[in-house]
Amino acid sequence: MSQPLIECVPNFSEGNDLAVIKQITDAIETVEGVKLLDVDPGKATNRTVVTFVGPPEPVLEAAVRAVRQAKELIDMRKHHGAHPRFGACDVCPLVPVADITMEQTVEWARKLGHRLAAETGISGYYYEYAATRPERKNLATVRAGEYEGLPEKLRHPDWKVDFGTGEFDPKYGVTAVGARDFLVAYNVNLNTTSTRRANAVAFDIREKGRPDPAGGDRWIPGSLKCVKAIGWFIKEYGIAQISINLTNLNVTPVHVAFDECKKKAEERGLRVTGSELVGLIPLSAMLAAGKHYLRLQQRSLGIPDHEIVKIAVKSLGLSDLKPFKPEEKIIEYAIAAGRKQPRLVDMTVEGFVWETASESKAPGGGSVSAAMGAMGAALGTMVANLSSHKRGWDHRWEEFSNWAEKGKAAHDELLRLIDEDTNAFNRIVAAWNLPDASPDEKTAKNAAIQAATKDAIRVPLRAMEVALAAMDVCRAMAEIGNPASVSDAGVGALACRSAVLGAFLNVKINASGVEDKAWLAEVLTRGARIQEQAVALERQILDLVNQKIVTA
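Residues numbered from 1 in each chain as written. Predicted model: local features only at pLDDT ≥ 70, side-chain atom pairs only at ≥ 80, totals over all residues. Heavy atoms only, no water.

1. Digging into the overall build of the protein chain
Moving on, step 1. The helix and strand tally for the protein chain stands at 17 helices and 13 strands.
Moving on, step 2. Projected onto its principal axes, the C-alpha positions of the protein chain cover 80 × 75 × 40 Å.
Moving on, step 3. In the protein chain, which comprises 552 residues, the share counted as buried stands at 49%.
Moving on, step 4. When contacts within the protein chain are restricted to residue pairs at least 6 apart in sequence, long-range pairs at least 24 apart make up 73% of them.
Moving on, step 5. Accessible surface computed for the protein chain: about 26,400 Å², of which carbon and sulfur atoms make up 54%. (Helix = DSSP H or I, 4+ residues; strand = E, 2+ residues; numbered from the N terminus. Buried < 20%, exposed > 50% of the residue type's maximum accessible area, 1.4 Å probe, protein only. Contact = heavy atoms within 4.5 Å. Areas by Shrake-Rupley, 256 points an atom, 1.4 Å probe, with all protein chains shown as cover.)

2. What about helix α3 (residues 102-120)?
Residues lying three or four places apart along an α-helix face the same way, a consequence of the helix completing one turn every 3.6 residues.
Moving on, step 1. The end-to-end C-alpha distance of α3 is 26 Å, a good match for the 27 Å that 19 residues give at a rise of 1.5 Å each.
Moving on, step 2. Within α3 the residues assigned to the buried category are Met102, Thr105, Val106, Trp108, Ala109, Leu112, Gly113, Leu116 and Thr120. Each buried residue of α3 sits inside an arc of 160° when the element is viewed along its axis, so together they form one side. Those residues of α3 that are exposed and angled more than 90 degrees off the buried face are Glu103, His114 and Ala118.
Moving on, step 3. In this structure, the buried residues of α3 make contact with β1 (5-8), α2 (56-73), β5 (89-98), β6 (124-128) and β7 (175-179). (Expected span 1.5 Å × (residues − 1). Arc of directions from axis to C-beta.)

3. Some remarks on unusual backbone geometry
Moving on, step 1. At Glu146, a residue that is not glycine, the phi angle is positive and equals roughly 55°.
Moving on, step 2. Tracing the backbone through its elements, the reader meets Glu146 in the loop between α4 (139-142) and α5 (150-155).
Moving on, step 3. Using a relative accessible area of 28% as the deciding quantity, one classes Glu146 as partly exposed.
Moving on, step 4. Even without being a glycine, Gln298 presents a positive backbone phi close to 55°.
Moving on, step 5. Relative to the assigned elements, Gln298 resides in the loop between α8 (283-296) and α9 (305-316).

4. What about the pairing of strand β3 (residues 35-42)?
Moving on, step 1. One ladder, built from 7 bridges, connects β3 with strand β4 (residues 47-54); its direction is antiparallel. Considered in β4, the bridge of Leu36 is made with Phe52.
Moving on, step 2. Taking the residues between adjacent antiparallel strands as the criterion, β3 and β4 are bridged by 4 residues, where Asn46 takes a positive phi near 50°. (Pairing = 2+ DSSP bridges.)

5. Digging into the sheet that holds strand β13 (residues 272-278)
Moving on, step 1. The strand order β11-β12-β8-β13 describes an open sheet built from 4 strands, whose pairing is antiparallel. If you trace the sheet from one side to the other, it starts and ends with β11 (227-234) and β13, each paired once. Averaged over all pairs of adjacent strands, the angle between their axes in this sheet comes to 25°, without regard to strand direction.
Moving on, step 2. Most of the contacts of helix α6 (residues 195-205) go to β11, to which it runs at about 170°, and overall it touches β8 (184-190), β11 and β12 (239-246). (Axes fitted to C-alpha atoms, helices over the stretch in contact; angles between N-to-C directions.)

6. Re the side chain of Asp421
Moving on, step 1. Relative to the assigned elements, Asp421 resides in helix α14 (residues 397-432).
Moving on, step 2. There is no salt bridge for the buried Asp421, and the closest opposite charge comes from Arg427, which lies 8.9 Å off by N-O distance.
Moving on, step 3. Those residues in contact with Asp421, other than ones at most four positions away along the chain, are Gly366, Ser367, Val459 and Pro460. (Lys, Arg positive; Asp, Glu negative; His and termini not counted. Salt bridge = Lys/Arg side-chain N within 4 Å of Asp/Glu carboxyl O.)

7. Some thoughts on the packing of aromatic side chains
Centre distance and the angle of the planes are the two values used to describe a pair of aromatic rings.
Moving on, step 1. Summed over the entire model, instances satisfying the criterion amount to 5 aromatic pairs.
Moving on, step 2. Between Tyr125 and Trp159, the ring centres sit 5.6 Å apart and the planes meet at 85°, which makes this aromatic pair edge-to-face. Of this pair, Tyr125 sits in strand β6 while Trp159 is found in the loop between α5 and β7, placing the two residues 34 residues apart along the sequence.
Moving on, step 3. Overall, Trp159 belongs to the buried group, its relative accessible area being 17%. (Phe/Tyr/Trp six-rings, centres within 6.5 Å; stacked < 30°, edge-to-face > 60°.)

8. Observations regarding the layout of surface pockets
Moving on, step 1. In this structure, the second largest pocket occupies an estimated 1,200 Å³ of space.
Moving on, step 2. Lining the second largest pocket are 36 residues, with Val9, Arg180, Asp181, Leu183 and Asn245 sitting closest to its centre.
Moving on, step 3. Listed by contribution, the elements that provide at least two residues to the lining of the second largest pocket are β3, β4, β5, β6, α4 and β8.
Moving on, step 4. A class-by-class count of the residues in the lining of the second largest pocket yields 17 nonpolar, 9 polar and 10 charged. (1 Å grid on protein atoms, 1.4 Å probe; cavity = no way out; pocket = protein on both sides within 12 Å on 5 of 7 lines; lining within 4 Å. Points joined across faces, edges and corners; volume = space filled by probe spheres on them. Nonpolar A, V, L, I, M, F, W, Y, C, P; charged D, E, K, R; others polar.)

9. A look at the environment of Val188
Moving on, step 1. Along the chain, Val188 falls in strand β8.
Moving on, step 2. Sequence separation between Val188 and Gly274 is 86 residues; the distance between their C-alpha atoms is 6.2 Å.
Moving on, step 3. Beyond its immediate stretch of four places on either side in the chain, Val188 contacts Ala240, Gln241, Ile242, Ile244, Phe258, Cys261, Val272, Gly274 and Ser275.

In structure tokens:
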């Protein structure tokens with residue numbers, strides 16, 4: 001139930017008129033839930049690269065509004081620049097960032113193409129992973145002939161557009177909509193001023209490698225896949241760097257590239273002093289790096305995300321040249337920093353209690369149940385982390401780390417469900433406030449109420465499932481965890497059981513409003529089963545805890 005995030009990187013064929021660029025980016029910022037991350041105009045290319053991120057629906061809406069502005073403001077008949085182009089919004093790729101697959105991103109790219117055709121009247125092609133045929137995967141092939149060649153290209157049967165009418169629009173041109181992997185621009189710092197030696201390391205690691213000394217057109221591949229790299233000297237810092245593009249983090253993550261640079265640099269008598277991230281990076285990539293170095297240290301991975309990020313920053317030397325600010329460089333943190341609506345989980349404990357006690361109808365029992373479950377899961381995680389770090393138990397660090405990660409996953413999701421439960425309640429209120437003057441409005445209102453009511457049931461039902469899973473961690477820690485913390489495992493079980501029972505009350509109180517009785521019967525049966533399991537598991541855990549306390 002985590003919120004998926006996608007990045008959109010439209011390229012507009014205007015890099016000189018800042019007023020035009022601002023009108024386009026202003027349109028993007030009118031969409032709630034979208035965070036504008038970067039605007040990079042280029043004078044020589046007469047092109048501006050814009051980057052924004054958010055959940056899929058708002059991102060698509062922002063893209064449509066931006067393209068609508070570009071269609072109105074940019075005239076391709078007057079455009080000249082160094083970069084290949086064939087439209088006012090030349091390309092508009094979507095990039096999966098978090099909790100979304102490439103396959104799902106392709107679906108959103110196709111939806112974007114359909115919306116652009118229907119709502120702005122433009123035509124275009126799909127490329128990269130969204131391509132409708134193999135020969136359209138490569139953007140350079142799709143854009144061949146550029147704007148000037150479009151009239152002839154659009155008449156050719158092999159180049160029938162993927163969306164839109166396909167009629168040549170001399171003012172706008174066409175747009176290529178794609179789905180592609182996340183690209184990370186990443187520089188590794190060396191203790192040398194020699195570009196040639198930095199290049200040697202770059203050739204060692206990059207996928208393309210270096211020319212074969214034997215001659216001919218043969219190349220000796222480098223050690224890393226999906227990596228482009230060159231060496232250069234940065235006058236500002238007085239050092240040489242290996243400038244790297246990581247084109248697929250699933251193949252070669254940041255920490256793998258960094259470690260390989262260290263290895264190859266040492267083989268050439270050089271030393272890596274740190275690294276530099278250009279642009280932004282998904283949280284998942286930083287967590288993967290932090291966990292990699294924690295494993296090397298044989299430390300538990302079930303610690304808070306900000307602590308894992310701190311390990312990653314230190315291990316990669318990301319503050320070597322200037323301070324690394326996670327709230328500015330990590331996409332999810334940048335979004336959170338710009339959030340207009342405060343969250344319940346951002347409150348102090350005291351503030352949350354006061355808000356709960358106030359006259360407002362939310363947060364209510366569902367949010368409080370999720371909060372209890374999060375606290376219970378956190379206690380189980382704490383015992384696992386303490387056990388992993390216990391003197392004399394070093395050989396068991398991974399066993400307890402695995403339990404700590406399970407507990408962390410549970411309390412992280414339950415924290416999210418605190419706000420989601422209140423949001424679900426607010427969606428019901430909004431649905432009831434919809435107009436119902438005409439028969440069509442009444443039908444639409446009832447459908448909205450039914451959808452919102454089901455959501456208000458799904459959220460606490462999910463809280464029940466997660467809290468029950470957290471009880472497994474508490475039971476394991478009561479059995480095998482640090483004996484000095486066994487009471488904490490017991491309190492964790494009590495909190496999680498209370499979360500299950502409290503969340504089920506919220507499932508049942510919303511049940512009367514559901515018209516789909518078959519769906520409701522299945523949900524109530526499932527909820528009752530989870531409640532029974534939680535009550536039985538609580539007894540088992542408390543028996544274990546009390547036995548250990550008595551014999552201590």
